[in-house]
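Take a look at the letters that make up each chain.
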Amino acid sequence: MASQNSDDSSASILVKNPTIKFTKLFINGEFVDSISGKTFETIDPRTGEVIAKIAEGDKEDVDLAVKAARQAFDHGTWPRLPGSERGRIMMKFADLIEENAEELAALETIDGGKLFSMNKAMDIPQAASSLRYYAGAADKIHGEVLKMSRELHGYTLQEPIGVVGHIIPWNFPSIMFSLKVSPALAAGCTMVVKPAEQTPLTALFYAHLAKLAGIPNGVLNVVSGLGSTAGSAISSHMDIDAVSFTGSTEVGRKILQAAAASNLKVVSLELGGKSPLIIFDDADVDMAADLALFGILYNKGEICVASSRVYVQEGIYEELVKKLVEKAKAWVVGDPFDPKVQQGPQVDKKQFEKILSYIEHGKREGATLLTGGKPLGEKGYFIEPTIFAEVKEEMLITKDEIFGPVMALAKFKTIEEAIKRANNTRYGLAAGIVTKDLNVANTVSRSIRAGTIWINCYFAFDNDIPFGGYKMSGFGKDFGLEALHKYLQVKSVVTPLYNTPWL
Amino acid sequence: MASRRMCSLLSHSLTSPTSSAALFSRGRNIASPSRGISKYSTAAAIENPVDPPFEVKHTQLLINGQFVDAASGKSFPTLDPRTGDVIAHVAEGDAEDINRAVAAARKAFDEGPWPKMTAYERQRIVLRFADLIEKHNDELAALETWDSGKPYEQSAKVEVPMLTRLMRYYAGWADKIHGLTVPADGPYHVQTLHEPIGVVGQVTPWNFPLLMFAWKVGPALACGNTIVLKTAEQTPLSALFAANLLHEAGLPPGVLNVISGFGPTAGAPLASHMDVDKFAFTGSTKTGQVVHELASRSNLKPVTMELGGKSPFIVCEDADIDKAVELAHSALFFNQGQCCCAGSRTFVHERVYDEFVEKSKARALKRAVGDPFLKGIEQGPQVSNAQFEKILEYIKSGIESGATLESGGERLGNKGYYIKPTVFSNVKDDMLIAKDEIFGPVQSIFKYKDLDEVIRRANATLFGLAAGVFTENLDTANTLTRALRVGTVWVNCYNIFDAAIPVGGYKMSGHGREKGIYSLENYLQVKAVVTPLKNPAWL
């Protein structure tokens, strides 16, 4: 694998050092310090250096934010506006994001180590596009008029669920922010967002843009802070009606417990994965190798749907492995601002060390290390694209979500075997199938217990495609109109009819 | 504001005696309108019409993204209904122009790029169009008023903003058009694709030229179709202006073609064209029958039709009379009575009948009629001389058949097509004015005794477009709602035309529904895709 050092004297130096404008909590339309006055440091993973000190929200700050959101929901305009007017404001919000795309992309890069070019071309436009999608849905929320078996008139109202807590991860700070906030806004909810402590910068910037767009005070509050304090306060809050979380399975379980122990709030969880990519003998080897590699290396492997288990049918196994290794070696790791770079640093020291420890585990467990396996450079949290072959089902690197650029590769013989091994996991987030055979594609699609199946593609996300897990990958969907319904609840209204001409 | 309901005019009138003031004071400040104008405006104001602050820019046909003359070189005059004077000469499309437009639409559909673009891209173009309409709001409104005679304040504050609102609504649908995966009785994988239907022919009427443009073009574009639109010969101007903005917003050539012309020479070749996959028409029931026949005789293209009406407005005995009078008044007189949904049969319970008639007459006498460009005007001229003459004929027939003329009954002034707000009481069900759609400012008030009777009489019509019900009683409201054989029932309101509310007729008022999610069905084909499953994990 090649490494690339960036040229700091280039003209883009300003882009690479965006001024940090927002470091405080956003509560009831104002940026405020935390009540305790405490702050935490957010780190540049390229260097390990401090970017800024961010207000550290705690239970008291969450209480304030919930109070503002509660007031905005119970007495404010937002849920009482026509959906079309909420949509107009959200459209404006999307336009403002696009206008600030360059700056947001840079913030995302320094805070999360994500590729600047990708942030600009994909993450930030996607944040705008999700807002537009749900803006267009805000005036299309239909209940139903029901078929009664007696002389009754019955109908359903789809009502906003109330105050929502969103706890979002650090791997796609912008996309996740928009993915959670947009449908909740469209539904007429008010909310408290807790961004990950690793990547608080863009969420605070979005709060500023939301205000500019005309989202009323209290509707959208952002409390930066730690999971154990701020996150926990959200999930156990008695005045929050629903909580939506994306992150690890471990934390997801804590959130569900806190919700159960407090007010039984509605919970949706998008958690970990160990998604299989199954490549059949009839696949185009080149295309399959590209998909497999992209599936694990995209966003440095820090993506819940990463194709971290690759199963290859025996007929093309050797050829595919050869190509995979070639391509992995040509993969460029380095400064995420460099347009030639394909992979930046892992998000923080903790992740970096965790990934390296899994790699050591893989070696000890007896998997064959085909390429990579080491950190890269002296500074920052860079790791070589790593491929383990001949992995066994019981190995830790086959079972656990590593969340880094580490592929577990195995050979299979029959379609039945592939299905069985693919399903042999506690997760069920996504799966990929590479084949030209229609019957194989259809059979495997229905057999795999996962929330998304990509056939001859991977990471094909879209605003209209519901996304979420089976099994311990969570429940509830993001994206699509399904996500809108997470933030609505159904009220049935019934009244007698007299002398009706039909029923 | 873009999302204002079309008839906030009407709902506001319930709470404010000087009804139009509430509407017109929003947005830009047009100062105190109707207060100063009581009764009919003076003849002098009608004799000396205001010069419209606007110049007509587009008079040619719009084919394949270009403004072009008619193949024949012919043109026709479009007239100012305030005076009968010519506003502009407009290219007159006929069969040859329709052929050219259909060929352009065919190419844009079959070769793209429109149906091949992502829904997000289509959405962005339509959203940009909405922004452009907003920018040109007053120009479009002036054009609409000049060509059709409707009050400028209604055009500028209600109708053009509603056009913007509708286009944004449909933009939002573009990326949410869902097929289904379908259960099968055996090992099959079944899905439905909702595909654009192809080249769509559309004919719009003259009473709401821009709103009808939105009802037709909005869903067809959202679904990925291409269009040939023929506008009404009375009001060709605003659609050309709007279509030009749509191209400025990035619409590819050939996707929307606009042909001005007449029904028999341009509408008929479009309805019977073998390369048009779908037809949509709003207009009279009589023309609807012709259109349907042409479609069936040519290529059996599916047709949606929104046709005439003779909609009942039922005032129950428990009604608040003042509110009921105001609502029934606007239900009929809105837009010079030129609404297919007009509440043209006002049924009033006998216990409140006399008071209701007295107050309706007083309200009609107060209606501000005059040059539609003036502030505070509630009613302008009828759209054309033909309509004007037809309405006066019906009024004559009402008088001759023995109905009591309470107010109006004649033209206003000596110039243009103004008619005094006319109220008839003691109207009987078998009179011509009780049966025919008059499409003018003529209110007919009927007396009834009980609910069963009024249901029977309200339904005794060939039409079934809409109905109004005015009561505080929940059970009465529910009973009437289900019993009336119409496509829309307004309970304690009227003419509420939100983007998401479907509109369409029962019986001879038409087929299909426009607006709302239902309108998408008109412009989509459903393709079922079935393939066997080998060894499926579940069924």
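Residues numbered from 1 in each chain as written. Chains lettered and ligands numbered in written order. Predicted model: local features only at pLDDT ≥ 70, side-chain atom pairs only at ≥ 80, totals over all residues. Heavy atoms only, no water.

### A closer look at helix H6 (residues 173-187) of chain A
Residue and element names in this part refer to chain A. The end-to-end C-alpha distance of H6 is 22 Å, a good match for the 21 Å that 15 residues give at a rise of 1.5 Å each. Counting buried positions along H6 gives 15 out of 15 residues, so the element sits mostly inside the fold. Positive backbone phi, at 100°, marks Gly188, one or two positions downstream of H6. (Helix = DSSP H or I, 4+ residues; strand = E, 2+ residues; numbered from the N terminus. Expected span 1.5 Å × (residues − 1). Buried < 20%, exposed > 50% of the residue type's maximum accessible area, 1.4 Å probe, protein only.)

### A look at the pattern of salt bridges
Across all of its chains, the model carries 55 salt bridges over all chains by this definition. Between A:Arg70 and A:Asp74 there is a salt bridge; the shortest N-O distance is 3.1 Å. Residue A:Arg70 and its partner A:Asp74 are located together in helix H2 (residues 59-74), separated by four residues, close to a single helical turn. Accessibility expressed as a relative area gives 17% for A:Arg70, which makes it buried. The exposure class of A:Asp74 is partly exposed, given its relative accessible area of 32%. The partner of B:Arg124 in a salt bridge is A:Glu98, and the shortest N-O contact between them spans 3.8 Å. In this pair, B:Arg124 is assigned in helix H5 (residues 119-135) and A:Glu98 in helix H3 (residues 83-99), connecting two distinct chains. What you see here is one network of salt bridges that share partners, running through A:Arg88, B:Asp131, B:Glu134 and B:Arg168. (Salt bridge = Lys/Arg side-chain N within 4 Å of Asp/Glu carboxyl O.)

### Some words on the UniProt feature "active site" (unreviewed entry) in chain A
All names here are of chain A. The positions UniProt marks with the feature "active site" (unreviewed entry) are Glu270. One can find Glu270 in strand S11 (residues 266-270). Residue class for Glu270 comes out buried when judged on its relative accessible area of 2%. What Glu270 contacts, discounting residues up to four positions off in sequence, is Met176, Phe245, Thr246, Gly247, Cys304, Leu429, Phe467, Ser473 and Asp478. (UniProt positions renumbered as here; feature names shortened; annotations may be inferred. Contact = heavy atoms within 4.5 Å.)

### As for the confidence of the model for chain A
Here chain A averages 95 in pLDDT, while 97% of its residues score no lower than 70. Between residues 4-11 of chain A, whose pLDDT stays under 50, and residues either more than four places distant or in other chains, the model counts 14 contacts. (pLDDT = per-residue confidence, 0-100.)

### Considering the layout of surface pockets
In this structure, the second largest pocket occupies an estimated 1400 Å³ of space. Among the elements of the structure, helix H15 (438-447), strand S21 (452-455) and helix H16 (480-486) of chain A together with strand S5 (181-182) and strand S6 (188-196) of chain B are those that each provide at least two residues to the lining of the second largest pocket. The biggest single contributor to the lining of the second largest pocket is S6(B), with six residues. Among the residues making up the lining of the second largest pocket, the classes are represented as 22 nonpolar, 12 polar and five charged. (1 Å grid on protein atoms, 1.4 Å probe; cavity = no way out; pocket = protein on both sides within 12 Å on 5 of 7 lines; lining within 4 Å. Points joined across faces, edges and corners; volume = space filled by probe spheres on them. Nonpolar A, V, L, I, M, F, W, Y, C, P; charged D, E, K, R; others polar.)

### Here we look at the UniProt feature "active site" (unreviewed entry) in chain B
Residues and elements named next belong to chain B. In the numbering adopted here, UniProt assigns the feature "active site" (unreviewed entry) to Glu306. Among the secondary structure elements, Glu306 is positioned in strand S11 (residues 303-306). Excluding anything up to four places from it in sequence, Glu306 contacts Trp215, Phe281, Thr282, Gly283, Cys340, Leu465, Ser509 and Glu514.

### Side note on the interface of chain A and chain B
Each side of the interface is counted separately: chain A has 32 residues, and chain B has 35 residues. Interface area for chain A against chain B, summed over the two sides, is near 2900 Å², with a carbon-plus-sulfur share of 51%. Among the residues of chain A in contact with chain B, A:Arg88, A:Lys140 and A:Arg446 are the three that bury the most area, contributing 24% of the side total. The tally of links from chain A across to chain B stands at three salt bridges. Linking chain A with chain B are 11 residue pairs in polar contact (both at pLDDT 80 or more), by the criterion used here. The set of elements that each furnish at least two residues to the side of chain A that touches chain B consists of H3, helix H5 (116-137), strand S6 (152-160), H15 and strand S23 (488-496) of chain A. Broken down by class, the residue content of the side of chain A that touches chain B amounts to 12 nonpolar, 12 polar and eight charged. (Buried area = accessible area lost by both parts, 1.4 Å probe. Polar contact = N/O pair within 3.5 Å; in protein donor to acceptor, adjacent residues only side chain to side chain.)

### Notes on H5(B)
The terminal C-alpha atoms of H5(B) lie 24 Å apart, and with 17 residues this matches the ideal 24 Å at 1.5 Å per residue to within 8%. For H5(B), the complete set of buried residues consists of B:Ala119, B:Arg122, B:Gln123, B:Ile125, B:Val126, B:Leu127, B:Phe129, B:Ala130, B:Leu132 and B:Ile133. Of the surrounding secondary structure, the elements contacted by the buried residues of H5(B) are H3 and H5 of chain A together with helix H6 (137-148), helix H7 (152-173), helix H8 (209-222) and helix H9 (237-248) of chain B.

### Focus: the UniProt feature "domain: Aldehyde dehydrogenase" (unreviewed entry) in chain A
Per the UniProt annotation, the sites labelled "domain: Aldehyde dehydrogenase" (unreviewed entry) are residues 31-493 of chain A. Across residues 31-493 of chain A one finds 42% helix and 21% strand; the C-alpha atoms that close the span lie 42 Å apart.

### Points about the packing of H6(B) against H9(B)
The relative placement of two packed helices is expressed as an angle between their axes plus a distance between the axes. Residues and elements named next belong to chain B. For the pair H6 and H9, interaxial distance at closest approach is 8 Å and the crossing angle is 160°. In terms of orientation, H6 and H9 fall into the roughly antiparallel class. Taken together, the residues of H9 that come into contact with H6 (itself represented by Glu139, Leu140, Leu143, Glu144 and Asp147) are Leu237, Ser238, Phe241, Ala242 and Leu245. (Axes fitted to C-alpha atoms, helices over the stretch in contact; angles between N-to-C directions. Parallel < 35°, antiparallel > 145°, perpendicular 65-115°, else oblique.)

### Describing the side chain of A:Lys194
Mapped onto the elements, A:Lys194 comes out in strand S8 (residues 190-194). With relative accessibility at 2%, the residue A:Lys194 sits in the buried group.

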